[in-house]
Amino acid sequence: MTDPRDHAISVLKENDRGTYTVPTKGLYPFQWNWDSCFTAIGQAHFDEDRAWTEMETLFAHQWDDGMVPHIIFHVHDDGYFPGPDVWQTGRAVRTSGITQPAVAGFALKRLFAMSKDKAMAARRARALLEPIHRWHQWFYTCRDPGAEGLVAIIHPWEAGRDNSIDWDEPFARVPTDGIDPYVRRDTQHADPAHRPTKEQYDRYLWLVQHFRALGWDNNKLHDASPFQVVDPGFNAILIRGCADLSELAGELGAHQIAAANRDWAQKGVGALEALWSEKHGQYLCLDRTTGTLIDSASIGGIMAVIANIPAYRAAAITRTIASEAERTRYVVPSHSLDDPRFDAKRYWRGPVWLVVNYLIAVGLKAAGEDAMAEKIVRSSLELIEKSGFAEYYDPLDGEPLGGRTFTWTAAVVLEFLA
Ligand code: 9WN
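As the structure is a computational prediction, the values presented were derived from the model and not from experiment.

Undergrad: I tried to follow the overall build of the protein on my own but got confused; where do I start?
TA: The number of helices and strands found in the protein is 17 helices and nine strands. Rg of the C-alpha trace for the protein: 20 Å, near the compact-globule value of 22 Å for 418 residues, within the 12% margin. The C-alpha extent of the protein, read off along each of the three principal axes, is 55 × 45 × 40 Å. Relative to its full complement of 418 residues, the protein shows a buried share of 64%. Excluding contacts between residues fewer than 6 apart, the proportion of contacts in the protein whose partners are at least 24 apart in sequence is 71%.

Undergrad: Sorry, what's going on with the packing of helix α2 (residues 33-43) against helix α3 (residues 48-59) here?
TA: Put simply, α2 and α3 touch, their axes get as near as 8 Å, and they point 165° apart. Between α2 and α3, the crossing angle belongs to the class labelled roughly antiparallel. The handedness of the crossing between α2 and α3 comes out as left-handed. Residues Asn33, Ser36, Cys37, Thr39, Ala40 and Gln43 of α2 form the contact with α3, whose own contacting residues are Glu48, Arg50, Ala51, Glu54, Met55 and Leu58. Counted by class, the contact of α2 with α3 contains five nonpolar, four polar and three charged residues.

Undergrad: Looking at this structure, how should I read the layout of surface pockets?
TA: Where empty space is left can be seen by rolling a probe of water-molecule size over the atoms. Roughly 400 Å³ of internal volume is contained in the largest pocket. As for the largest pocket, its lining consists of 17 residues, of which Arg110, Tyr358, Val362, Lys365 and Glu415 are closest to the centre. Only α5 (104-114), α12 (232-251), α15 (354-366), α16 (370-387) and α17 (407-417) provide two or more residues apiece to the lining of the largest pocket. Broken down by element, the lining of the largest pocket gets its largest block of residues, five residues, from α15. Residue composition of the lining of the largest pocket, grouped by class: ten nonpolar, no polar and seven charged. Along the wall of the second largest pocket there are 16 residues; nearest its centre are Asp77, Asp78, Tyr80, Gly83 and Asp85.

Undergrad: I would appreciate a short explanation of the pattern of salt bridges in the present structure.
TA: When the charged atoms of two side chains lie near each other, side chains of opposite charge can form a pair. As enumerated under the stated definition, the model contains 34 salt bridges in all. Salt bridges here are not isolated pairs; linked through shared partners, they connect Lys109, Arg240, Asp244 and Glu247.

Undergrad: What's the story with the packing of aromatic side chains in this structure? I'm lost.
TA: The description of an aromatic ring pair rests on the distance of the ring centres and on the angle between the ring planes. This model, assessed by the stated rule, comprises 35 aromatic pairs. An angle of 45° between the planes, with centres 6.1 Å apart, marks the rings of Trp87 and Trp157 as tilted. Linking Trp87 in helix α4 (residues 84-87) with Trp157 in helix α7 (residues 156-159), this pair joins segments that are 70 residues apart in sequence. The pair formed by Trp87 and Trp157 is uniform in burial state, with each residue classed as buried. A centroid spacing of 4.7 Å and a plane angle of 40° characterise the contact between Trp157 and Tyr204, whose relative ring orientation is tilted. Of this pair, Trp157 sits in helix α7 while Tyr204 sits in helix α10 (residues 198-213), and the two are 47 residues apart along the sequence. Cation over ring: Lys118 sits above Phe112, and NZ or CZ is 4.8 Å from the ring centre. Between Arg329 and the ring centre of Tyr330, over which it is positioned, the NZ or CZ distance is 4.8 Å.

Undergrad: What should I look at first to understand helix α13 (residues 255-272) in this one?
TA: Working note: α-helix, 3.6 residues per turn, so residues spaced by three or four point in the same direction. With 18 residues, α13 ought to run about 26 Å at 1.5 Å a step, and its terminal C-alpha atoms sit 26 Å apart, in line with that. Here α13 has its buried residues at Ile257, Ala258, Asn261, Trp264, Ala265, Gly268, Ala271 and Leu272. For α13, the angular spread of buried residues about the axis comes to 165°, placing them on one side. Among the exposed residues of α13, those pointing more than 90 degrees away from its buried face are His255, Gln256 and Gln266. The secondary structure elements touched by the buried residues of α13 are α6 (118-142), α12, β4 (276-277) and β5 (282-283).

Undergrad: Please clarify how unusual backbone geometry should be interpreted in this entry.
TA: In this structure, Pro82 follows Phe81 across a cis peptide bond, with omega equal to 0°. The residue Pro82 is located in the loop between β2 (71-72) and α4 in this model. Of the consecutive residues Val331 and Val332, the connecting peptide bond is found in the cis state with omega at 0°. Tracing the sequence through the fold places Val332 in the loop between α14 (311-325) and α15. Although it is not a glycine, Ala147 adopts a positive phi angle of roughly 50°. As for its placement among the helices and strands, Ala147 is situated in the loop between α6 and α7. Ala147 sits in the partly exposed class, given a relative accessible area of 47%. A positive phi angle, close to 55°, is found at Tyr347, a residue other than glycine.

Calculation criteria
Residues numbered from 1 in each chain as written. Predicted model: local features only at pLDDT ≥ 70, side-chain atom pairs only at ≥ 80, totals over all residues. Heavy atoms only, no water. Helix = DSSP H or I, 4+ residues; strand = E, 2+ residues; numbered from the N terminus. Rg over C-alpha atoms; globule rule 2.2 N^0.38 Å. Buried < 20%, exposed > 50% of the residue type's maximum accessible area, 1.4 Å probe, protein only. Contact = heavy atoms within 4.5 Å. Axes fitted to C-alpha atoms, helices over the stretch in contact; angles between N-to-C directions. Parallel < 35°, antiparallel > 145°, perpendicular 65-115°, else oblique. Left-handed = near helix turned anticlockwise from the far one by under 90°. Nonpolar A, V, L, I, M, F, W, Y, C, P; charged D, E, K, R; others polar. 1 Å grid on protein atoms, 1.4 Å probe; cavity = no way out; pocket = protein on both sides within 12 Å on 5 of 7 lines; lining within 4 Å. Points joined across faces, edges and corners; volume = space filled by probe spheres on them. Salt bridge = Lys/Arg side-chain N within 4 Å of Asp/Glu carboxyl O. Phe/Tyr/Trp six-rings, centres within 6.5 Å; stacked < 30°, edge-to-face > 60°. Lys NZ or Arg CZ within 6 Å of the ring centre and 35° of its normal. Expected span 1.5 Å × (residues − 1). Arc of directions from axis to C-beta.

This is a description of form; function is not addressed.
What follows is the structure, encoded as structure tokens:
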């Protein structure tokens, strides 16, 4: 194999479409929200200007209400389903109608910290402060109507962990009647045994049609959704995004943005406590429609270390990862091996995702858990040496799974090597 750094850069360049980057050719031919934020961090290692452009393109497609969509369909491509004709969100440049984890605040601060051209960075960062702030505000207005300090996702695709075991219970309440006939494309690019099931796709589609019938009106969608889940990982990313945006805004003189985001971050960290499970040694998802914690120990409750959680919580999470590591060759599996539903090869039900490893390693390092952070970085680099820049990997044997030549995998490898 060529030098991993050179290889990672070549993957990012291969998937670069000029002003945005596709996650991988074929399987995902458009721009995805959280992928783009990680991509920008990767690009900042070799092309600062291009890194800022990646973020700017994403925010150029922000909705008027503040939402930043999970997919931007810049070009026509039948290779992906569901495409813009299914979403029908009525935007000039077509987009999906749901969002994804709010990595942007974290990415912005990281880009600014890495920048060599500080004058350019300050100018471009300043222009992004307000849009990112508006997105955070949208979350706390539209997805936290009870002002609890935690937001709900209303579709599994929003979490970015599409078929996680976390959703099995609440997802069972989503009907499948009346969905339009459809043909999946993902299973033509990747092994169907490593992707979500047809039953899950039926429910994904039912929710899309339901929201579409409500005209994608975010004043209505949360309450009208039969699926409302408070995911600790999703919230932790948002909380970290608020904290980072607050710091950077303060540094750049945007004091109102700094204050509002500091408040959201503080309230969010406090509210996360209600999701802690002593039994599992990690956070769990909350089903907002029933008010109960979901008994499912996934990576969602581990990547919560990216928020500034108390050190004793980070220490407990480290012990939980260590216990999983005794039974897997590579860390961190996306679901606990204690759970009979664990599946080493099926997407978010067991495989290792390097982008999640990155968030966990960053969080653990900040909490002083250096040894585990380093173990995660080592394991990640072993995976790319053995199996290349895959979308995800079997934690037991390291088999590469899903798409190949994968953008965000390459992006975080540049961070691991830095
Ligand atoms: C649906 C692009 C995206 C990631 C998600 C991942 C997968 C899409 C899909 O690919 O989701 O958004 O069609 O499977 O689950 O996290 O952003 O890489």
